[in-house]
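As a plain string of letters, each chain reads:
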Amino acid sequence: VARLWDPQTAPNPKTKKIAREIHQVNRFERKTAEMTEEKKLIVLISHGVSDRMQASNQSKTMTILDGKKVPFEKVDGMDPEQRDRRNELFNISGIRGNYPQFFFVDKNGKTEFFGDYEKFEIINDSSSYPADVLEANPDIETWEKVFGKVVESFS
């Protein structure tokens, strides 16, 4: 069964996608304990995206991050000067051509995929849950838990 859910050995594209998503969620859950460490946020976007939903999600992302004053590095997938960085991020996430994507970089320079817009939106929405709900469900990821230690640069 473990091999079936391994993104590298899944037998078909649909299973690979599901396996990759499960792998990302599991990796995120393991990393949650480490989220108390300072980290940088990278947002992979594309100024040339033609999909209206992705364009809207990118716009919402920028509005939310700016409104909450979260520092981030923006990597534009359409910028020829950022193509190598874009490809590096695509390789880390395993997802090409879907924007925006979110990554954290730790003090050692290691870049980890955090998620896509859907995950970002869930975190943003969960932060508005009533305090008693959050207290009763400490596993719910909130804005403060995930983005509270984001820094512009490491001192």
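Everything below is about the structure printed above this text.
Because the structure is a prediction, the values reported are computed rather than measured.

Reading guide: rules and limits
- Chains are numbered independently. Their residues run from 1 in the order of the written sequence.
- Local features in this predicted model are restricted to residues of pLDDT 70 or higher, and side-chain atom pairs are both shown and tallied only at a pLDDT of 80 or more, whereas totals for entire chains, interfaces and linings draw on every residue.
- Think of the side-chain values as coming from all heavy atoms in the structure, minus any hydrogens and water.
- Runs of H or I in DSSP of at least four residues are treated as helices and runs of E of at least two as strands, each being numbered from the N terminus.
- Throughout, a contact is declared for two residues whenever any of their heavy atoms are within 4.5 Å.
- Here the accessible surface of atoms and residues is derived via Shrake-Rupley with a 1.4 Å probe, and residues count as covered only by protein chains that are part of the display.
- Strand pairing follows a simple DSSP-based rule, namely that at least 2 bridges must link the two strands.
- Angular values range over 0 to 180 degrees, each being the angle between N-to-C directions of two axes fitted as lines to C-alpha atoms, with helices fitted over their stretch in contact.
- Burial classification: accessible surface area is computed with a 1.4 Å probe over protein chains only, and a residue below 20% of its type maximum counts as buried, one above 50% as exposed, and the rest as partly exposed.
- Two N or O atoms form a polar contact when they lie within 3.5 Å of each other; inside protein one atom must be a possible hydrogen donor and the other a possible acceptor, and for residues adjacent in sequence the pair counts only when both atoms belong to side chains.
- An angle below 35 degrees is treated as roughly parallel, one above 145 as roughly antiparallel, one from 65 to 115 as roughly perpendicular, and anything else as oblique.
- In this scheme the crossing of two helices becomes right-handed for a clockwise turn of the near helix relative to the far one and left-handed for an anticlockwise turn of less than a right angle.
- The nonpolar core is taken to be a set of buried Ala, Val, Leu, Ile, Met, Phe, Trp, Tyr and Cys residues, with the residues joined through side-chain atoms within 4.5 Å.

## Description of the overall build of the chain
- Within the chain, the regular secondary structure consists of 6 helices and 4 strands.
- Along the chain, helices and strands appear, N-terminal first, in the series α-β-α-β-α-β-β-α-α-α.
- Residue pairs in contact within the chain that sit at least 24 positions apart in sequence constitute 57% of those at least 6 positions apart.
- Put simply, the chain shows about 9600 Å² of open surface, and 49% of that area lies on carbon and sulfur atoms.

## Re the sheet that holds strand β3 (residues 101-105)
- One open sheet holds the 4 strands; their spatial order is β2-β1-β3-β4, and the pairing between them is mixed. Two strands in the sheet have a free side with no partner beyond their single neighbour: β2 (73-76) and β4 (111-116). Sheet twist, expressed as the mean angle between neighbouring strand axes with direction ignored, is 25°.

## Points about helix α4 (residues 117-126)
- Taken together, the buried positions of α4 are occupied by Tyr117, Lys119, Phe120, Ile123, Asn124 and Ser126.
- A distance of 3.2 Å separates the backbone nitrogen of Glu118 from a side-chain oxygen at the start of α4, and that oxygen is part of Asp116.

## Concerning the packing of helix α2 (residues 52-67) against α4
- In contact at an axis separation of 11 Å, α2 and α4 are set at 40° when each is read in the N-to-C sense. Comparing their axes, α4 and α2 come out oblique. In the crossing of α2 with α4, the sense of the turn from one axis to the other is left-handed. Mapping the contact onto sequence places Asn57, Lys60, Thr61, Ile64 and Leu65 in α2 and Tyr117, Phe120 and Asn124 in α4.

## Here's the deal with the nonpolar core
- Judged by nonpolar contacts, the single largest core of 17 residues is most densely connected at Leu41, Phe120, Trp143 and Phe147.
- Of all the secondary structure elements, the ones that give two or more residues to this core are β1 (40-45), α2, β3, α4 and α6 (143-147).
- When residues no more than four places from it in sequence are discounted, the contact partners of Trp143 are Ile64, Leu65, Lys68, Val70, Phe120, Ile123, Asn124, Ser127 and Gly148.
- One finds Leu89, Tyr99, Phe103 and Phe113 within the second-largest nonpolar core, a separate group that totals 11 residues.

## Description of the pairing of β3
- Of all the 5 residues making up β3, 5 are buried; the element is thus mostly covered by neighbouring parts of the structure.
- Here β3 shows a buried face lined by Gln101, Phe103 and Val105 and a second buried face lined by Phe102 and Phe104.
- Where β1 lies against β3, 5 bridges are found, and the strand directions are antiparallel. Paired with Lys40 across the two strands is Val105, which belongs to β3.
- In this structure, β3 lies alongside β4, joined through 5 bridges in antiparallel fashion. The residue bridging Gln101 from the neighbouring strand is Asp116, located in β4.
- In this structure, the hairpin formed by β3 and β4 is closed by a connection of 5 residues, where Gly109 is found at a positive phi of approximately 90°.

## Regarding the environment of Val43
- Here Val43 lies in strand β1.
- Classification of Val43 as buried rests on a relative accessible area of 0%.
- Separated by 19 residues in the primary sequence, Val43 and Met62 have C-alpha atoms spaced 9.2 Å apart.
- Residues in contact with Val43, not counting those within four places in the same chain, are Thr61, Met62, Leu65, Phe72, Glu73, Lys74, Val75, Pro100, Gln101 and Phe102.

Note that all results are geometric; they support no functional claim without further evidence.
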